[in-house]
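Listed below are the residues making up each chain.
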Amino acid sequence: MTGFTERRSVRAAAAVLAIALAVAIGVLIGRGAQPAEPEQQPGGPQRLSAADIGFAQDMIAHHQQALQMVELLGPDLSADVRGIATQIQLSQSREIGVLMGWLEVLGEPLQNPNPMAWMTDESAAPSTGATTSAAAGGHGGHAMPAATSSSASAAPTTQHAMPGMATSEELTALTTASGVQQEVRFLQLMLRHHQGGVDMAGYAQRGGDAPAVRQRATAMAKGQSDEISMMLVQLTARNATSLPYP
C-alpha cells in the first residue's frame, strides 16, 4: 500500500468514526429522554417541524458531496490546501453524524423525498397531530422520545436545486486535474459549495422551529463562513478567483 493510499484510508476511517460517534450520541440522548414539555427551550426537549427535518436530510446530502470532493484529491497538495480539506472532512463528518442521529431517533429517512422544498414556498408547516421530535444533537441537551413520522414523509416528491452543488462534469475535472490546477479547482468548487451551505444553514437559522436546529445551523454557517474566508486567501495566493454564485 502506498503512502498516499494509507493517508486516504486514515482520512476515511477518521471520517467514518466521527459519523459513528455523533450518530451514537444523538440516538442515546434521544432514547434516554424524558417526556416533552409544551414549550421548547434551548438545550431542552426539542420538537422538529417538517422543515427542520428537511434541513437535516438535505444538509446530509450536501455535506456528503463535500466529503466526496475531499476524497478525490491527489497526493501532491500543498500543506494549506491539505489542511483546509482535512478540516472540512472532519467537521462535516461530525455534523452528518449529528443530523443522522436526529433522523434515526425520529424514524425519518435519511434522504429527503421532497428535496429542498423546505427552502421554497412549498415548505411544509410544522407537523400536526403527533409531534415530531429529536435530540438536541451535540448541544448537551435532553430530547423527546421518537414520535410518529412527520408530514415531511408524506409530501409529494418534487426536485429542487440544491445550492452550491458541483456537477458530475466538474467532479470529473477535479479528479483528472493535478498539482496547482487541482488545488484551484478544489478551492473554487468547495468555496461555492460552502456558499450554498451557508445559505441553507442561514435559512434554517432564521426559520427553524427547534432551538437545537437553529443552534446547529448557526454553528454551521459560522464554520463554513470562516472556511470561505480561508479559501479566498488560498485562491488569491494562486492568482485565481472564485466561481460565480449562485
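Okay, so let's go over this structure.

Analysis parameters
- Residues numbered from 1 in each chain as written.
- Predicted model: local features only at pLDDT ≥ 70, side-chain atom pairs only at ≥ 80, totals over all residues.
- Heavy atoms only, no water.
- Axes fitted to C-alpha atoms, helices over the stretch in contact; angles between N-to-C directions.
- Helix = DSSP H or I, 4+ residues; strand = E, 2+ residues; numbered from the N terminus.
- Parallel < 35°, antiparallel > 145°, perpendicular 65-115°, else oblique.
- Left-handed = near helix turned anticlockwise from the far one by under 90°.
- Contact = heavy atoms within 4.5 Å.
- Nonpolar A, V, L, I, M, F, W, Y, C, P; charged D, E, K, R; others polar.
- Core = buried A, V, L, I, M, F, W, Y, C linked by side-chain atoms within 4.5 Å.
- Buried < 20%, exposed > 50% of the residue type's maximum accessible area, 1.4 Å probe, protein only.
- Phe/Tyr/Trp six-rings, centres within 6.5 Å; stacked < 30°, edge-to-face > 60°.
- Polar contact = N/O pair within 3.5 Å; in protein donor to acceptor, adjacent residues only side chain to side chain.
- Salt bridge = Lys/Arg side-chain N within 4 Å of Asp/Glu carboxyl O.

Moving on to the packing of helix α2 (residues 50-71) against helix α6 (residues 211-237). Running from N to C, α2 and α6 point in directions that differ by 30°, and their axes come no closer than 11 Å. One way to sum up the angle between α2 and α6 is to call them roughly parallel. You can see that α2 and α6 cross each other, and the crossing is left-handed. For the pair formed by α2 and α6, the contact residues are Asp 52, Phe 55, Met 59 and His 63 on the first element and Val 213, Ala 217, Met 220 and Gln 224 on the second. Residue classes in the contact of α2 with α6 are distributed as five nonpolar, two polar and one charged.

For the rest of this paragraph, the subject is the nonpolar core. For soluble globular proteins, the rule of thumb is that nonpolar side chains tend to be buried together. Ranked by size, the top nonpolar core spans 27 residues in total, and within it Leu 48, Phe 55, Met 59, Leu 99, Trp 102, Trp 118 and Val 213 carry the most contacts. Where this core is concerned, the elements lending two or more residues are α2, α3 (79-106), α5 (179-207) and α6. Residue contacts for Leu 99: discarding those within four places in its chain leaves Ala 56, Met 59, Ile 60 and Met 220. Counting residues in hydrophobic clusters, the runner-up holds 22 residues, among them Val 184, Leu 189, Ile 228 and Met 231.

The next thing to look at is the packing of aromatic side chains. Summed over the entire model, instances satisfying the criterion amount to two aromatic pairs. Judged by centre distance (5.5 Å) and plane angle (80°), the rings of Phe 55 and Trp 118 are edge-to-face. Here Phe 55, found in helix α2, pairs with Trp 118, found in the loop between α3 and β2 (133-134); they are 63 residues apart in sequence, far enough to count as distant. Each member of the pair, Phe 55 as well as Trp 118, is classed as buried.

This brings us to the environment of Gly 197. For Gly 197, the position within the fold is in helix α5. The exposure class assigned to Gly 197 is buried, which follows from its relative accessible area of 0%. On a C-alpha basis, the gap between Gly 197 and Pro 163 in space is 7.2 Å, while along the polypeptide they are 34 residues apart. Beyond its immediate sequence surroundings of up to four residues, Gly 197 is in contact with Met 59, His 62 and Gln 224.

Turning our eyes to something else, we now look at the environment of Glu 71. Looking at where Glu 71 falls in the secondary structure, it is placed in helix α2. Sequence-wise, Glu 71 and Ala 85 are 14 residues apart; in three dimensions their C-alpha atoms are separated by 9.1 Å. A polar side-chain atom of Glu 71 sits 2.7 Å from a polar atom in the side chain of Gln 89.

What follows concerns the pattern of salt bridges. Scanning all chains against the criterion turns up four salt bridges. If you follow the salt bridges from partner to partner, you end up with Asp 80, Glu 183 and Arg 238 in one network.

Turning next to the packing of α3 against α6. Geometry of a packed helix pair, given as the angle between the helix axes and the separation of the axes. Contact geometry of α3 with α6 gives a least axis separation of 11 Å together with a crossing angle of 165°. Looking at the two axes, α3 sits roughly antiparallel to α6. Remark: the crossing between α3 and α6 carries left-handed chirality. Between α3 and α6, the residues in contact are Asp 80, Val 81, Ile 84, Gln 87, Ile 88, Ser 91, Gln 92, Glu 95, Val 98, Leu 99 and Trp 102 and Ala 212, Val 213, Arg 216, Met 220, Gln 224, Glu 227, Met 230, Met 231 and Gln 234, respectively. Of the residues contributing to the contact of α3 with α6, the split by class is eleven nonpolar, five polar and four charged.

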